[in-house]
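Coordinate inspection notes
Listed below, chain by chain, are the residues.
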Amino acid sequence: FVAVSPASALAPLVFGGTATAQAGTTFGFTVTAAASGDNINVASTCPFTTGVTSQTTNGSDVATFTGMSINVGSSCTLTATDTTGADNGAQGTEVFTVTPANAFKLIFTTAPPANATLGVALTTFKVSVEDTYGNVVTAGTGNNDSIVISSSCTLTGTLTQNAVLGVATFTG
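Fair warning: this is a prediction, and the values are worked out from it, not measured in the lab.

Following the sequence through the fold, Ser 69 ends up in strand S7 (residues 62–70). Of the polar contacts made by the side chain of Ser 69, one reaches the backbone oxygen of Thr 25; its length is 3.5 Å. Beyond its immediate chain neighbours, meaning those up to four positions away, Ser 69 contacts Gly 24, Thr 25, Thr 26, Phe 27, Pro 47, Phe 48, Thr 49 and Thr 50.

On to the packing of aromatic side chains. Taken as a whole, this structure holds 5 aromatic pairs when the rule is applied. Ring geometry for Phe 29 and Phe 65: centres 5.2 Å apart, planes at 20°, overall stacked. With Phe 29 in strand S3 (residues 26–32) and Phe 65 in strand S7, the pair connects residues that are 36 residues apart, well separated along the chain. Neither residue differs from the other here; Phe 29 and Phe 65 are each classed as buried. Considering the side-chain rings of Phe 108 and Phe 125, the 6.0 Å spacing of their centres and the 55° angle between planes classify their relative orientation as tilted.

Within the largest apolar cluster, 22 residues are counted, with the highest numbers of intra-cluster contacts made by Phe 29, Val 31, Ile 40 and Phe 65. For this core, the elements supplying multiple residues, two or more each, are S3, strand S4 (39–44), S7, strand S8 (75–82) and strand S9 (91–99). Of all the elements, S7 adds the most residues to this core, at 4 residues. Core analysis: the next-biggest nonpolar cluster, separate from the first, contains 9 residues, Val 129, Ile 147, Ala 163 and Ala 168 among them.

What follows is about the pairing of strand S14 (residues 167–170). For a regular strand, side-chain orientation follows a simple rule: the groups alternate between the two sheet faces. Judged by which residues are buried, S14 turns out to be one-sided: Ala 168 and Phe 170 face inward and are buried, whereas Val 167 and Thr 169, on the alternate face, are not. Direction of pairing for strand S11 (residues 125–130) relative to S14: antiparallel, over a ladder of 4 bridges. Bridging from a neighbouring strand, Ser 128 pairs with Val 167 of S14.

The rules behind each value
Residues numbered from 1 in each chain as written. Predicted model: local features only at pLDDT ≥ 70, side-chain atom pairs only at ≥ 80, totals over all residues. Heavy atoms only, no water. Helix = DSSP H or I, 4+ residues; strand = E, 2+ residues; numbered from the N terminus. Polar contact = N/O pair within 3.5 Å; in protein donor to acceptor, adjacent residues only side chain to side chain. Contact = heavy atoms within 4.5 Å. Phe/Tyr/Trp six-rings, centres within 6.5 Å; stacked < 30°, edge-to-face > 60°. Buried < 20%, exposed > 50% of the residue type's maximum accessible area, 1.4 Å probe, protein only. Core = buried A, V, L, I, M, F, W, Y, C linked by side-chain atoms within 4.5 Å. Pairing = 2+ DSSP bridges.

In short, geometric facts, not functional conclusions.
Given below as structure tokens:
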């Protein structure tokens, strides 16, 4: 008869290093396990675009992940899982933030109506300031820009709105 500890009794994996990344840039972090030579796999709720997601712990029980990149997302959760040795199944998680890159484009996030009736106000629509990866720029340059709407048709009403946290709302 051999007693086996359930996975919940395993020592948790511990993250170290940066927990903030800017979209399109590389970052790194470490994961400390209970033993050296263990294989550590990492996954994220926001997809990695570069980087190796499996590393082996060194003599100090640390796996080092470098050159990681995530382009889209805001609040992401990293999960590390020990896949070998006595701690097979041990996990650790860390929540981190992906900040948008610089403002790059304007996108209708709520499109104006395709058809309009003369003399009737348009329904509300929104324009977002986004980085090259499609993240809304909520801070820094671009997040409060003045957005001007123009058309080949004659428009009346408020044609300029300031973006608030990267989004300008136009109401009819």
